[in-house]
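Structure at a glance
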Amino acid sequence: MTEEYRRAAGAARFIKQCIEDTGSLCVVTGSGLEGILDNFKVIDRIAYSRIPHLKETTFHRGEFIVLEYRGKRFCALQGRLHYYEAYTSKEVAFPIRILSLLGIREIIMTNAAGGLNEDYDAGDIAMVSDHINLLPDNPLRGPNDNRFGVRFPDMSEVYPLRIRNKISELASDLNIKLRHGVYVSFQGPSLETPAEYKFLHTIGADMVGMSTVPEVIVAKHCGMRIAVFSVISNVCYPPERIKPTTVDDVIATAGKAVVPLRTLIEEVIQRNLMGSDS
Ligand code: HPA
C-alpha cells in the first residue's frame, strides 16, 4: 500500500465517522466563487485542519462541506491548496484522493482565470474542454497504487464531450453565455508578463490559472467524471487589453459571475447531468 493511499484512507475514515453519507458528487470552489454554494442546505462542515493528513490552506478557507439540494446529497471542497503555497502537485491533489475513497464519482471544479482568448471578456464563464499542464510537477509522479488507478492513465478525453454537450445545451436553455476553452496551469504566485500571456495564447490556451490541473489529473486517475468552469477574472490577450491586476480585482470580478454559475451548477446537480446514466 502506498503512503498516499494509507493517508487518504485515514482521512476518509475520519470523515465517515463524522458523517456517513457524503453523496457521489463534489463541487470545488475557486477564488471569489464560494457563493456558488449559497443556495444549498448545509448538513455538516469539517475544517481541513481537523482532517488527518490534510494540509492547511494558506490562501483559501479550507472546509469539507456536506450539502443537500432538493433532496440530493453531495459535498463540496471550499478552498483548495496550490502549488505556489509550496505544496507538491501530489499534496495539492490529495483532497481528491480522499474524495475517491469516500465514493465520489463526479466532480465539478471552479476557478478564476486570466482570459487568453481575444473573444473573452472579464466576467465570462468558460467550460474547460482540455488542459495544458505547465506546472513543473505531475501529481502521479512516484509510486502508483493500482487501487486508485493505472500507472499511465489515458488523458484523451478528460472532460467528457457527452457531459460538455449536455451542459452547453442547459446553458443555452437557461440563457447563460458559456464559453469553451483550454486551461493552462502556470505556477504563480506572480501573474504573468505580457510576453508570457502571448506565449500561453500561442501554445493554444484560452485561459490561465494557478490551480485545478493537478486535481483534474488525479480525479481522472481515479475514474471520476469531471466538469470544470473558469470565470474570466482579467483579460490578458491581446497585450493592449492587459491592465494592472490585483488579487482583489480577481476576486471581485470572479464574484460577478457567481449568480449565473450558481444557477448552472444547481441545474447540473438537479438534472443529474454528471451521472453515468444521464
Ligand atoms: N494568471 C494566472 N492565474 C490567474 C490569473 C492570471 O492572469 N487570473 C486569475 N488567476
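Note: the structure precedes this text.
Here we summarise the structure given alongside this text. What you are looking at is a predicted structure, and each value in this text was computed from that prediction instead of being measured.

Now for the overall build of the protein. Looking only at helices and strands, the protein has seven helices and nine strands in total. In summary, the protein has a C-alpha radius of gyration of 18 Å against a globular reference of 19 Å for 278 residues, a match within 12%. For the protein, the C-alpha atoms occupy an extent of roughly 55 × 40 × 35 Å along the three principal directions. Per-residue burial over the protein gives 58% buried out of 278 residues. For the protein, the share of sequence-separated contacts (at least 6 apart) that also reach a separation of at least 24 residues comes to 81%. About 11700 Å² of surface is accessible on the protein, with carbon and sulfur atoms providing 49% of the total. Where the 32 positive side-chain charges of the protein centre and where its 34 negative ones centre are 5 Å apart.

Further remarks concern the packing of helix 2 (residues 89-102) against helix 5 (residues 213-221). At a minimum axis separation of 8 Å, helix 2 and helix 5 run at an interaxial angle of 50°. Comparing the axis directions of helix 2 and helix 5 gives the class oblique. With respect to the hand of their crossing, helix 2 and helix 5 are arranged in right-handed fashion. The residues of helix 5 that touch helix 2, namely those facing Ser 89, Val 92, Ala 93, Ile 96 and Arg 97, are Pro 214, Glu 215, Val 218, Ala 219 and His 221. Among the residues making up the contact of helix 2 with helix 5, the classes are represented as six nonpolar, two polar and two charged.

Surveying the vicinity of the ligand reveals 13 residues, the closest of which are Gly 114, Glu 192, Tyr 197, Ser 233 and Asn 234. With respect to the ligand, the side chain of Glu 192 contributes an N or O atom lying 2.6 Å from a nitrogen atom. For the ligand, a nitrogen atom lies 3.5 Å from a polar atom in the side chain of Ser 233. Protein chains shield 95% of the accessible area of the ligand, which is 260 Å² for the free molecule. The set of elements that each furnish at least two residues to the shell around the ligand consists of strand 5 (106-115), strand 8 (207-209) and strand 9 (225-235). In the shell around the ligand, the residues fall into eight nonpolar, four polar and one charged.

Procedures and definitions
Per chain, residues are indexed from 1 in the order of the written sequence. With the structure being a predicted model, the display of local features is reserved for residues of pLDDT at least 70 and the display and counting of side-chain atom pairs for 80 or more, all residues being used for whole-chain, interface and lining totals. Computation of side-chain values covers all heavy atoms of the structure but excludes hydrogens and water. Secondary structure elements are taken from DSSP: a helix is a run of H or I of four residues or more, a strand is a run of E of two residues or more, and numbering for both begins at the N terminus. C-alpha atoms define the radius of gyration, and 2.2 Å times the number of residues to the power 0.38 defines the globule rule. In this scheme, a residue with accessible area under 20% of its type's maximum is buried, one over 50% is exposed, and one in between is partly exposed, where area comes from a 1.4 Å probe on protein chains only. We call two residues contacting when some pair of their heavy atoms lies within 4.5 Å. Reported accessibility uses the Shrake-Rupley method at a 1.4 Å probe radius. Residues are deemed covered only where the shown protein chains occlude them. Within this scheme the basic residues Lys and Arg register as positive and the acidic residues Asp and Glu register as negative, but His and the chain ends are omitted. A charge is said to be at NZ when it belongs to Lys, at CZ for Arg, at CG for Asp and at CD for Glu. Here the axes come from fitting lines to C-alpha atoms, over the contacting stretch only for helices, and the angles between their N-to-C directions go from 0 to 180 degrees. Any angle that is under 35 degrees is reported as roughly parallel, and any over 145 degrees as roughly antiparallel; angles of 65 to 115 degrees are reported as roughly perpendicular and all others as oblique. Two helices that cross are described as forming a left-handed crossing if the nearer one is turned anticlockwise from the farther one by less than a right angle, and a right-handed crossing if clockwise. Gly falls in the polar group here, along with every residue not listed as nonpolar (Ala, Val, Leu, Ile, Met, Phe, Trp, Tyr, Cys, Pro) or charged (Asp, Glu, Lys, Arg). Residue proximity to a molecule or strand is established when one non-hydrogen atom of the residue lies within 4 Å of it. Throughout this description, a polar contact denotes any pair of N or O atoms lying within 3.5 Å of each other; where both atoms belong to protein, one of them has to be capable of donating a hydrogen while the other can accept it, and for residues adjacent in sequence the pair is counted only when both atoms sit in side chains.

By themselves, these figures tell us nothing about what the structure is for.
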